[in-house]
Amino acid sequence: MSVSSYAEGYRYRRYNAFRWRFELGLAQKIALALGMACLTGLLAQVRIYIPWSPVPITGQTFAALLAGVLLGRWWGGASLALYIGIGIAGVPWFAGWNGGIAYFVGPTMGYMIGFILAALFVGYFTDSFVNSRRFFPMLGLMLFANFVFIYGLGLLWLNTFSYEVGLAGKTALGFGPYEGRGLLALLMAGMIPFIIGDIIKAVAAAALTKVIAPKEAYNGESDVGRGWRVP
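Notes on the structure follow. The shown structure was predicted, so the numbers you read here are calculated from the model rather than taken from an experiment.

## Examining helix H2 (residues 26–43)
Given a rise of 1.5 Å per residue, 18 residues ought to cover 26 Å, and the 26 Å separating the end C-alpha atoms of H2 matches this to within 8%. Of all the residues in H2, the buried ones are Lys29, Ala33, Met36, Ala37, Thr40 and Gly41. All buried residues of H2 lie within an arc of 145 degrees about the axis, which places them on one face of the element. Counted as exposed and oriented over 90 degrees from the buried face of H2: Ala27 and Leu42.

Given below as structure tokens:
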């Protein structure tokens, strides 16, 4: 088989896969969303703790960004909602094999809600615009979703949350709206240490999107036959 025929066969298969996903019935879409929720739970266990922050570095961001690409505008968000809802019910698949409502309402709650919005946002563009499935437009969308939705809600919640952290064997009071620690302390605890890692995850997710997402319309996309740029 020639290289050109192999490439054409691959384009045909990935187009059919996304069209098949789009045309599935309700039960099958729920099953796919549950599968994505399971993947998110597994990636949540890839974690690195930072001594001065209650927020660990995890693989959940990668899963949230990719969920919208793989499942589309609504079911990508639904998969993250399932992940959160089942975790609240007690399944220990939050970071560190934790589960339950007590863990959910901890310092990372805002980030987890942001995962849902990020998946909805990326899924909307994936399903609505053919050109969004290329590397650079998708990278721009994923970075926007990460730093606006995930960090936006994450930092808003974290700033209202008082906590204790261990520093050199001592317990120090964390920050909250009345702690007087300031914006820099908030960013150091909830954003700055994660920026490089999140950019890498967004690049990886955008590169994977370029490979697996069809560049042909399967959903009546509005930009067929013309250029498109990230607003």
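## Points about the packing of helix H6 (residues 135–158) against helix H8 (residues 195–212)
Any two packed helices are characterised by how steeply their axes cross, that is the angle between the axes, and by the distance between the axes. It is the contact of H6 with H8, at a shortest axis distance of 9 Å, that shows an interaxial angle of 140 degrees. The pairing of H6 with H8 is recorded here as oblique in orientation. H8 is crossed by H6, and the crossing has right-handed handedness. Residues Phe135, Met138, Leu139, Met142, Leu143, Asn146, Phe147 and Tyr151 of H6 form the contact with H8, whose own contacting residues are Ile195, Asp198, Ile199, Ala202, Val203, Ala205, Ala206, Ala207, Thr209 and Lys210.

## Structural notes on the layout of surface pockets
By volume, the largest pocket is sized at about 260 Å³. The wall of the largest pocket is formed by 20 residues, among which Val55, Pro56, Thr58, Thr61 and Phe115 lie closest to the centre. Looking at the lining of the largest pocket, the elements that each hand over two or more residues are strand E2 (57–58), helix H3 (60–88), helix H5 (109–128), H6 and H8. A per-class count over the lining of the largest pocket returns twelve nonpolar, six polar and two charged. The computed volume of the second largest pocket comes to approximately 150 Å³. Lining the second largest pocket, in full, are Leu43, Val46, Arg47, Ile48, Ile57, Thr58, Gly59, Phe62, Gly197 and Lys201. Contributions of two or more residues to the lining of the second largest pocket are made by strand E1 (47–48), E2 and H8. Residue composition of the lining of the second largest pocket, grouped by class: five nonpolar, three polar and two charged.

## Re empty space enclosed by the protein
If you roll a probe as big as a water molecule over the atoms, it shows you where there is empty space left. Tallying each qualifying case throughout the model produces one cavity of 30 Å³ or more. Of the volumes computed, that of the largest cavity is approximately 40 Å³. Together, Arg21, Lys29, Leu32, Ala33, Leu71 and Trp75 line the largest cavity. Elements that contribute at least two residues to the lining of the largest cavity include exactly H2 and H3. For the lining of the largest cavity, the element with the highest residue contribution is H2, accounting for three residues. Considered class by class, the residues forming the lining of the largest cavity number four nonpolar, no polar and two charged.

## Topic: the side chain of Lys215
If you trace the backbone, Lys215 turns up in the segment after H8. The buried charged residue Lys215 lacks any salt bridge partner; its closest oppositely charged side chain belongs to Glu216, at an N-O distance of 7.6 Å. A distance of 2.7 Å separates the side chain of Lys215 from the backbone oxygen of Lys210, its partner in a polar contact. A distance of 2.6 Å separates a polar atom in the side chain of Lys215 from the backbone oxygen of Ala213.

## Describing the nonpolar core
Within the largest apolar cluster, 49 residues are counted, with the highest numbers of intra-cluster contacts made by Leu65, Leu80, Tyr83, Val122 and Met142. Of all the elements in the fold, those that place two or more residues in this core are H2, H3, H5, H6, helix H7 (183–190) and H8.

## Quick word on the environment of Phe147
Locating Phe147 in the fold gives a position in helix H6. Spatially, the C-alpha atoms of Phe147 and Asp198 are 9.1 Å apart, while their sequence positions differ by 51 residues. Excluding anything up to four places from it in sequence, Phe147 contacts Gly152, Met191, Ile195 and Ile199.

About the cut-offs
- The residue numbers shown here count from 1 along each chain, following its written sequence.
- A pLDDT threshold of at least 70 governs which residues receive local features in this predicted model, and a stricter bar of 80 or more applies before side-chain atom pairs are shown or counted, although totals over entire chains, interfaces and linings include all residues.
- Processing note: side-chain calculations cover all non-hydrogen atoms of the structure and skip hydrogens and water entirely.
- Every helix listed is a DSSP run of H or I at least four residues long, and every strand listed is a run of E at least two residues long, numbered separately from the N terminus.
- The span expected for a helix works out to 1.5 Å for each residue beyond the first.
- Each residue is placed in one exposure class: buried if its accessible area under a 1.4 Å probe, protein chains only, is under 20% of its type's maximum, exposed if it is over 50%, and partly exposed if it falls in between.
- Directions from the helix axis toward the C-beta atoms define the arc.
- Axes, fitted as lines to C-alpha atoms, cover a helix only where it is in contact. Angles between the N-to-C directions of the axes lie from 0 to 180 degrees.
- Just so you know how the angles are binned, under 35 degrees is roughly parallel, over 145 roughly antiparallel, 65 to 115 roughly perpendicular, and the rest oblique.
- We call a crossing left-handed when the near helix sits turned anticlockwise from the far one by less than a right angle, and right-handed when that turn is clockwise.
- Throughout, a residue-residue contact means that at least one pair of heavy atoms, one from each residue, lies within 4.5 Å.
- Each cavity reported here is a set of points on a 1 Å grid over the protein atoms alone in which a 1.4 Å probe fits but cannot get out, each pocket an open set with protein on both sides within 12 Å along at least five of seven lines, and each lining residue one with an atom within 4 Å of a point.
- Grid points are joined across faces, edges and corners, and a volume is the space filled by probe spheres set on the points.
- Under the scheme applied here, ten amino acids are nonpolar (Ala, Val, Leu, Ile, Met, Phe, Trp, Tyr, Cys and Pro), four are charged (Asp, Glu, Lys and Arg), and all others, including Gly, are polar.
- A positive count includes Lys and Arg, and a negative count includes Asp and Glu. His and the chain ends are not counted in either.
- By definition here, a salt bridge exists when the distance from a side-chain nitrogen of Lys or Arg to a carboxyl oxygen of Asp or Glu is within 4 Å.
- Pairs of N or O atoms are called polar contacts if they sit within 3.5 Å, as long as, within protein, a hydrogen donor faces a hydrogen acceptor (for residues adjacent in sequence, only side-chain-to-side-chain pairs).
- The criterion is simple. A nonpolar core is a set of buried Ala, Val, Leu, Ile, Met, Phe, Trp, Tyr and Cys residues joined through side-chain atoms within 4.5 Å.

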